[in-house]
Amino acid sequence: MLGLLLLQWFIATFITSIQYNTYFYGFFGGALIVLPILILYPFFKGDKYYRYFISIAMMLFSVIYIQQYLGRIEMHFHVFIAMAILTLYKDIFPLLIAAMTTLLHHLIFNYLQLYEVSLFDMPVMIFNYGCGFDIVLLHAVFVISELAVLGYIIRLQREHHVNLNITQNQIHELNQELEHTSLHDSLTGLPNRLFLRQQIKIIKDNAIQNNEKFAIIFLDLDHFKNINDTLGHDVGDALLKRVATILSERITKNTLVTRIGGDEFIITLSGFASVDNLLPIITGLLQEFRKEFFIKGYSLRLSASIGVSIYPDDSTSVRELMKYADIAMYKAKTDGRDNFSFFTQTLNKKIHNEVDIINDMQRAFYDNEFKLYYQPKVDARTKKIIGAEALLRWQHHNKGLIGPNIFIPLAESTGFILNLGSFVIQESTQAIKRLSDLGFHDLIISINVSARQFQHSDLYKDLQNEIIKSAINPKQLAIEITEGIMISYVESALSLLQEVKKLGVSLYLDDFGTGYSSLSYLKKFPIDTLKIDKSFVDDISDDSTKNESLLVNTILEMGKSLKLSVIAEGVENVHQFNYLKDKGCDIIQGYYFAKPMCEEEFIKLLQNPSF
Ligand code: C2E
Ligand code: CA
Ligand code: CA
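Bear in mind that the values here come from a model prediction, so they are computed numbers and not experimental data.

**Q** Before we go on, may I ask you to explain the pattern of salt bridges in this structure?
**A** Following the criterion strictly, the structure yields 23 salt bridges and no others. With a shortest N-O distance of 2.8 Å, Arg 363 and Asp 360 are connected by a salt bridge. Placement of both Arg 363 and Asp 360 in helix H12 (residues 345-366) is noted, with a separation of three residues, approximately one turn of the helix. Taking relative accessible area as the criterion, Asp 360 reaches 17% and is therefore assigned buried.

**Q** I'm lost on the coordination of the calcium ion (ligand 3) in this one. Help?
**A** Note on metal sites: the ideal angle is 109.5 degrees for four tetrahedral donors, and 90 or 180 degrees for six octahedral donors. The protein atoms that coordinate the calcium ion (ligand 3) are Asp 510 (OD), Asp 511 (OD), Glu 569 (OE) and Glu 569 (OE), at distances spanning 2.0 to 3.1 Å. Separating the calcium ion (ligand 3) from the calcium ion (ligand 2) is a gap of 3.9 Å, which Asp 510 spans by donating to each of them. Remark: Glu 569 occurs in strand E15 (residues 565-569) and Asp 511 occurs in strand E13 (residues 506-512); sequence separation between them is 58 residues. Residue classification places Asp 511 among the partly exposed residues on the basis of a relative accessible area of 26%.

**Q** Can you help me understand the sheet that holds strand E7 (residues 339-342) in this one?
**A** Two modes of strand pairing occur in sheets, parallel and antiparallel, and in both the strands are linked by backbone hydrogen bonds. Spatially, E2-E3-E1-E6-E7 is the arrangement adopted by the five strands of the open sheet, whose pairing is mixed. With one partner strand each, in any of the chains shown, strand E2 (255-261) and E7 form the two edges of the open sheet. Looking at each pair of strands side by side, their axes are set apart by 20° on average, direction ignored. Judged from the seven bridges that link them, strand E1 (residues 214-221) and strand E3 (residues 264-270) form a sheet pairing that is antiparallel. What sits directly across from Leu 219, in E3, is Phe 265. The strands that helix H9 (residues 233-248) touches are E1, E2 and E3; relative to E3, the one it contacts most, it runs at about 5°.

**Q** Would you mind going over the pairing of E2 with me for this structure?
**A** Regular strands show a simple pattern: their side chains alternate between the two faces of the sheet. Across the seven residues of E2, six count as buried, placing the element largely inside the fold. In this structure, the hairpin formed by E2 and E3 is closed by a connection of two residues, where Gly 262 is found at a positive phi of approximately 25°.

**Q** What should I look at first to understand the site of ligand 1 in this one?
**A** As a matter of local geometry, ligand 1 sits amid 21 residues, with Gln 375, Arg 393, Asp 510, Glu 572 and Tyr 591 nearest to it. Between an oxygen atom of ligand 1 and a side-chain N or O atom of Arg 393, the distance comes to 2.9 Å. Its free accessible area being 790 Å², ligand 1 has 82% of it covered by the protein chains. Contributing elements (two or more residues each) for the shell around ligand 1: strand E9 (385-396), helix H13 (404-414) and E13. A total of four residues in the shell around ligand 1 trace back to one element, the largest contributor, which is E9. Considered class by class, the residues forming the shell around ligand 1 number eight nonpolar, six polar and seven charged.

**Q** Help me understand the coordination of the calcium ion (ligand 2), please; the structure alone is not making it clear to me.
**A** At 2.2 to 2.3 Å from the calcium ion (ligand 2) lie its protein donor atoms, namely Glu 389 (OE), Asn 448 (OD1), Glu 480 (OE) and Asp 510 (OD). In the primary sequence, the donor residues of the calcium ion (ligand 2) line up as E-x58-N-x31-E-x29-D. Overall, the relative accessible area of 29% leaves Asn 448 in the partly exposed class.

**Q** It is not clear to me how the pairing of strand E6 (residues 304-311) should be interpreted in this structure. Could you clarify?
**A** The element E6 is largely enclosed, with a buried count of eight among its eight residues. The alternating pattern of E6 places Ala 304, Ile 306, Val 308 and Ile 310 on one face and Ser 305, Gly 307, Ser 309 and Tyr 311 on the opposite face, and all of these are buried. Looking at chain direction, E1 and E6 are connected through eight bridges and run antiparallel. Following the sheet pairing, Phe 214 is matched in E6 by Tyr 311. Sheet analysis places E6 next to E7, joined by four bridges and oriented parallel. Within the sheet, the bridge partner assigned to Gly 307 lies in E7 and is Ser 341.

**Q** Can you walk me through the packing of aromatic side chains in this structure?
**A** Each aromatic ring pair is summarised here by two numbers: the centre-to-centre distance and the angle between the ring planes. For the structure on display, the rule yields 15 aromatic pairs. Aromatic rings pair up to connect Phe 365, Tyr 366, Phe 370, Trp 394, Phe 407, Phe 416 and Phe 423 into one cluster. The ring of Tyr 591 has Lys 595 lying over it, and the distance from NZ or CZ to the ring centre is 4.7 Å.

**Q** I keep staring at the environment of Leu 438 and nothing clicks. Help me out?
**A** Here Leu 438 shows up in the loop between helix H14 (417-437) and strand E11 (444-448). Spatially, the C-alpha atoms of Leu 438 and Gln 607 are 9.5 Å apart, while their sequence positions differ by 169 residues.

The rules we used
Residues numbered from 1 in each chain as written. Chains lettered and ligands numbered in written order. Predicted model: local features only at pLDDT ≥ 70, side-chain atom pairs only at ≥ 80, totals over all residues. Heavy atoms only, no water. Salt bridge = Lys/Arg side-chain N within 4 Å of Asp/Glu carboxyl O. Helix = DSSP H or I, 4+ residues; strand = E, 2+ residues; numbered from the N terminus. Buried < 20%, exposed > 50% of the residue type's maximum accessible area, 1.4 Å probe, protein only. Donors = N, O, S within 2.8 Å, 3.2 Å for Na, K, Ca; no water. Pairing = 2+ DSSP bridges. Axes fitted to C-alpha atoms, helices over the stretch in contact; angles between N-to-C directions. Contact = heavy atoms within 4.5 Å. Near = heavy atom within 4 Å. Polar contact = N/O pair within 3.5 Å; in protein donor to acceptor, adjacent residues only side chain to side chain. Areas by Shrake-Rupley, 256 points an atom, 1.4 Å probe, with all protein chains shown as cover. Nonpolar A, V, L, I, M, F, W, Y, C, P; charged D, E, K, R; others polar. Phe/Tyr/Trp six-rings, centres within 6.5 Å; stacked < 30°, edge-to-face > 60°. Lys NZ or Arg CZ within 6 Å of the ring centre and 35° of its normal.

Here it is as structure tokens:
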């Protein structure tokens, strides 16, 4: 703009000075306007009042030229256009000022011309050359065209201004949105891992300042993957949203709820007086999930596992606290889910031990260290062995015999259970063959099938192949499934179990009573036998004043009415045995008769029954 101004000064002054010999007005007047602008420029660069000042100056500049040209060349009009374009992308005021000055000039000029008014008696005056209506008309044309240009420019500028604002607002919103999405989970709207990472520093600082503790509560839904895989991601997503809502309801100024991935949530809790105060909160949380969830037409049973670590008791490092809460959660899972666990250093050691076990399992598998043990099942009335449950054992080359409670959960969490599962099917069918060859054609050997196996492996094909390969009577094989499998996989489980059933294999419902299965499930699924869980059998005490065996009675009644046979497992004493027999329980399994044993011992027992 300054360049333009200078250019205009020189060219216009030069041309008109030659023509009219008015160097003084051109150069001196021009310099009077241009020089202050130039001098002030470095100090007020970009200042809006400075721009207003320039626009006024430019208009004054044009007045000088009019005097020089004696009104013949409307230089100010061109300046006006230049100004307009220049200010177009700045703000509107310089343009308005310029326009107003020009307008005012034209109006005054027209008025004075029409009425031949003479204001000053000066040698060079714009008003004394006595032009007629033609000049007035010309000025009127200028006024109209300048107003039109002004209107157009104002419109452009307004649109531009609006657009600019929109874009700026959009950018602002977008930035906010970006910040929100980078810190929040898009599905549930809960803060995410990144947010947690930022926030936990503040939480820790506060804790240090106030000499307080804070807890990291790691919550993981049980069997969520099953729901997602079998009922679809829509249902899974809806469920997660519901869970997020439940958790959000618990947000207080001391509670931060974040979703850190899949079905994993971390709740940080500060400002509690003692760790004991956490217990009701945690058990309350677990309780929240035990409800029945109705989602997209499905009725879902849910539960969660919770692990807790405490600052500064467990560690002062946030990273470690997170890891410890995770370890504790894992412990809650292996303890049977729907559970909570606090981190302890013992747990930490155990976890390290577990990592060793996981790594060792693969090797052990190829070194044939896994064996099947058999625990006899006895007919309650005749005390005859009618079959056995095949139970996995790990005969470790230097650690000795390792029970399944140690390695099965680990194998399940790593997927290694699929290998073990196939091995069990293969080994048990071959054992059935050996037993039949020895003359035991009626024994039923049951094997345990884990949820994971149910879901991923070709269970049906495996069973079919091995039955054919070993040439056994499929009636001698049974599979034990837990209620969890039925509930989590409803539709797929139903068709798979129906197929398995068609093979001739029997189905036992294991650990019955510990899950949530309802009568409707029992009717729907082709179950042959219920296994009463040991925990209920434990309730049968010889103190007749206590009637804690109500559940056992109920299960036995249920079995009868559904025409299912009932096995009681974990029977340890004669009292339990008699009670169960009297109540009509068909089959007994437990240490009272025999512990799980290797195949040779089992054969010996079959050949010489000692009870
Ligand atoms: P489960 O299916 O409930 O098996 C019954 C467990 O109760 C067995 O423990 C058995 O030894 C134990 N038990 C039986 N009678 C008594 C008793 O009178 N008193 C006491 N205290 N315990 C008794 P085990 O063999 O340690 O198996 C534990 C769990 O490991 C099994 O529970 C089952 O869930 C799992 N498991 C074992 N073998 C396999 C397998 O081949 N595949 C799969 N997927 N899981 C298996
Ligand atoms: Ca079992
Ligand atoms: Ca069981």
